[in-house]
Amino acid sequence: MTAASLVTIALTLTLGQAHGAETPERPDAAVAHEAHGEGGHGGGLSEVLMHHVTDGHSLEYPGFCQGELAWNCELDLDEVFGTTRDDAGHAVSGPFVVQLGATTLDMTPTKHVIMMWLASLLLLVVLVGSVRRRSVVPRGLYNFFETLVQFVRTEIAIKNIGERDGDRFVPYLVSAFFFILFVNLFGLIPYAATATGNLAVTLALAVFTFLITQYAAIRAMGVGAWLKHLTGGVAVWLWPIMIPVEILGLFTKPFALTVRLFANMLAGHIVILSLLGLIYALNSQWVALGSVPMALGIFLLELFVAFVQAYIFTMLSSLFIGQGLAHHGHDEAHGEHGHAEPGMGSAGHGSHVAGASPGHG
Amino acid sequence: MSAAALAFLSAGFGAGLAVIGAGLGIGKLAAAALEGSARQPTALGDIRTTMIIAAALIEGVTLFAIVVCVLLAIKAG
């Protein structure tokens, strides 16, 4: 069996899941779809699509439930974690519901949270399992992961941050790279979901990068010099205009990181589901002859995009950290140049990094 | 025209325009990469890596526009 035929079978199984989810045989499935659907266009098609890509309070798996084998048994996460909800869907009580005065904070693990846990567990098992035998000459899976970690360290961390400080940030960069990679790839498994297709998850990752960048910059040049960078080196009477612009410029980079990863992951899944949903929209099984191979092509593209997006996120994080550190010890030289651009500037500053060649334009 | 109709129309137009922008940008990028690697075949590896990075960045910006279009289409219902 070739890999292509396996993937086609996988896609066809996904088809079966989409078909099974559309017919509301069980009342709770229909309620779950109605809770998610906003536009009733094309029947239940947009609702099914939204149900598959957005977060939810139930997991789906093929198996034995309610006395028969089914393609999509639902595991209600509210039941598992003991959260009760009122009619509007708001959480009322449970061990994961926190009451803060007037508002309630619903911390019940949802589908994407469970997927993140599973991906992290898989990552830990694979990494810890492959490093069991420490030897000078690595073999097998250990060799493969050492190649990847070495790649992140040499090509991403040291090239962008410099030899002196690069090793300090390698743990964070390697963690970010492998976490994003595993969560992205997890979304391609049938019945699993992409947690990085959730704006909250990518926002949290970008906030980590932002905090580490500012921490590194402050540690390198001190709080005073960091605040001075926010003024942008202009005359004092321009500060009321310059400081808000610079603060805004400080936040555009994490924002771009967030939306780039989120939109890339979401768009791929929506395209695959839309192509397969064409079969139902056009209400003919012969559309599958063209639709499934195209969806297979987009699926392979998604595999590639999973790797590329993990690499891009890590590379841009290291670039921002390197730009923040590049001003370390160079403030006197920079004083008379002023700053031509707001925020952390372009990659031109990267050329001051000791011992590293700026290979990025 | 109702508001929902306008929203759907603009979502469709926006997606098309975004794809035009991405196609033009990445097309120019690929042309420059191919010409560079034809002039200097030894630099093929570096050029290929830089090309992929730049393509991912351009696509990131395009997907900002796509997200806006999807928001329009979803919320218009």
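**So, the nonpolar core**
And then number 1: Membership of the largest hydrophobic core comes to 63 residues, with the highest contact counts inside it found for A:Leu173, A:Phe177, A:Ile180, A:Val183 and A:Phe313.
And then number 2: Listing elements by their share of this core, those giving two or more residues are α3 (45-53), α5 (111-130), α6 (140-161), α7 (166-186), α8 (199-231), α9 (239-281) and α10 (288-325) of chain A together with α2 (44-75) of chain B.
And then number 3: When residues in this core are grouped by element, the largest group, 13 residues, is from α10(A).
And then number 4: With near-sequence residues (within four places) excluded, A:Ile180 lies in contact with A:Thr196, A:Leu205, A:Gln309, A:Ala310 and A:Phe313.

**Focus on α3(A)**
And then number 1: Burial within α3(A) is extensive, with 8 of its 9 residues counted as buried.
And then number 2: Along α3(A), the positions that sit buried rather than exposed are A:Leu45, A:Ser46, A:Glu47, A:Val48, A:Leu49, A:His51, A:His52 and A:Val53.

**Describing the packing of α10(A) against α2(B)**
And then number 1: At a closest axis distance of 10 Å, the pairing of α10(A) and α2(B) adopts a crossing angle of 90°. Taken together, the axis directions place α10(A) and α2(B) in an arrangement best described as roughly perpendicular. Together, A:Val308, A:Ile312 and A:Met315 of α10(A) and B:Ile52, B:Ile53 and B:Ala56 of α2(B) make up the contact between the two elements.
And then number 2: Broken down by class, the residue content of the contact of α10(A) with α2(B) amounts to 6 nonpolar, no polar and no charged.

**Considering the pairing of strand β2 (residues 68-76) of chain A**
Residues and elements named next belong to chain A.
And then number 1: Of the strand pairs in this sheet, strand β1 (residues 58-65) and β2 are connected by 7 bridges, and their pairing is antiparallel. Pairing of Ser58 across the sheet is with Asp76, part of β2.
And then number 2: Between the end of β1 and the start of β2, which pair antiparallel, lie 2 residues, with Gln66 showing a positive phi angle near 55°.

**Points about the environment of A:Leu181**
All names here are of chain A.
And then number 1: Mapped onto the elements of the fold, Leu181 is located in helix α7.
And then number 2: Judged by the 21 C-beta atoms lying within 10 Å of it, Leu181 is buried.
And then number 3: A sequence separation of 127 residues divides Leu181 from Val308, and the C-alpha atoms of the two residues are 8.8 Å apart.
And then number 4: Residues contacting Leu181, with those up to four places away along its chain left out, are Ala306, Phe307 and Ala310.

**Notes on the confidence of the model for chain A**
Low pLDDT means the predicted coordinates in that region are not meant to be read closely.
Residues and elements named next belong to chain A.
And then number 1: Considering every residue of chain A, the mean pLDDT works out to 78; 76% of them sit at 70 or more.
And then number 2: The weakest mean pLDDT in chain A belongs to helix α2 (residues 27-36) at 35; the strongest belongs to α7 at 94.
And then number 3: Considering only residues more than four positions removed or in separate chains, one finds that residues 17-42, a stretch of pLDDT under 50, has 43 contacts.
And then number 4: Below pLDDT 50 for its whole length, residues 329-361 participates in 48 contacts with residues either more than four positions away or in separate chains.

**Quick word on the environment of A:Gly94**
All names here are of chain A.
And then number 1: Inspection of the secondary structure assignment puts Gly94 in the loop between β4 (91-93) and β5 (97-100).
And then number 2: Residue class for Gly94 comes out partly exposed when judged on the 17 C-beta atoms lying within 10 Å of it.
And then number 3: Not counting the four nearest positions on each side in its chain, Gly94 is found in contact with Phe81, Gly82, Thr83, Thr84 and Thr108.

**Side note on the packing of α5(A) against α7(A)**
All names here are of chain A.
And then number 1: Where α5 contacts α7, the two axes come as close as 9 Å, and the packing angle between them is 120°. One element, α5, and the other, α7, form an angle in the oblique class. The two elements α5 and α7 meet at a crossing, and its hand is right-handed. Of α7, the residues touching α5 (which contributes Met115, Met116, Leu118, Ala119, Ser120, Leu122 and Leu123) are Phe178, Phe179, Phe182, Val183 and Phe186.
And then number 2: Split into classes, the residues belonging to the contact of α5 with α7 amount to 11 nonpolar, 1 polar and no charged.

Analysis parameters
Residues numbered from 1 in each chain as written. Chains lettered and ligands numbered in written order. Predicted model: local features only at pLDDT ≥ 70, side-chain atom pairs only at ≥ 80, totals over all residues. Core = buried A, V, L, I, M, F, W, Y, C linked by C-beta atoms within 7 Å. Buried ≥ 20, exposed ≤ 12 C-beta atoms within 10 Å, placed from the backbone. Helix = DSSP H or I, 4+ residues; strand = E, 2+ residues; numbered from the N terminus. Contact = placed C-beta atoms within 7 Å. Axes fitted to C-alpha atoms, helices over the stretch in contact; angles between N-to-C directions. Parallel < 35°, antiparallel > 145°, perpendicular 65-115°, else oblique. Nonpolar A, V, L, I, M, F, W, Y, C, P; charged D, E, K, R; others polar. Pairing = 2+ DSSP bridges. pLDDT = per-residue confidence, 0-100. Left-handed = near helix turned anticlockwise from the far one by under 90°.

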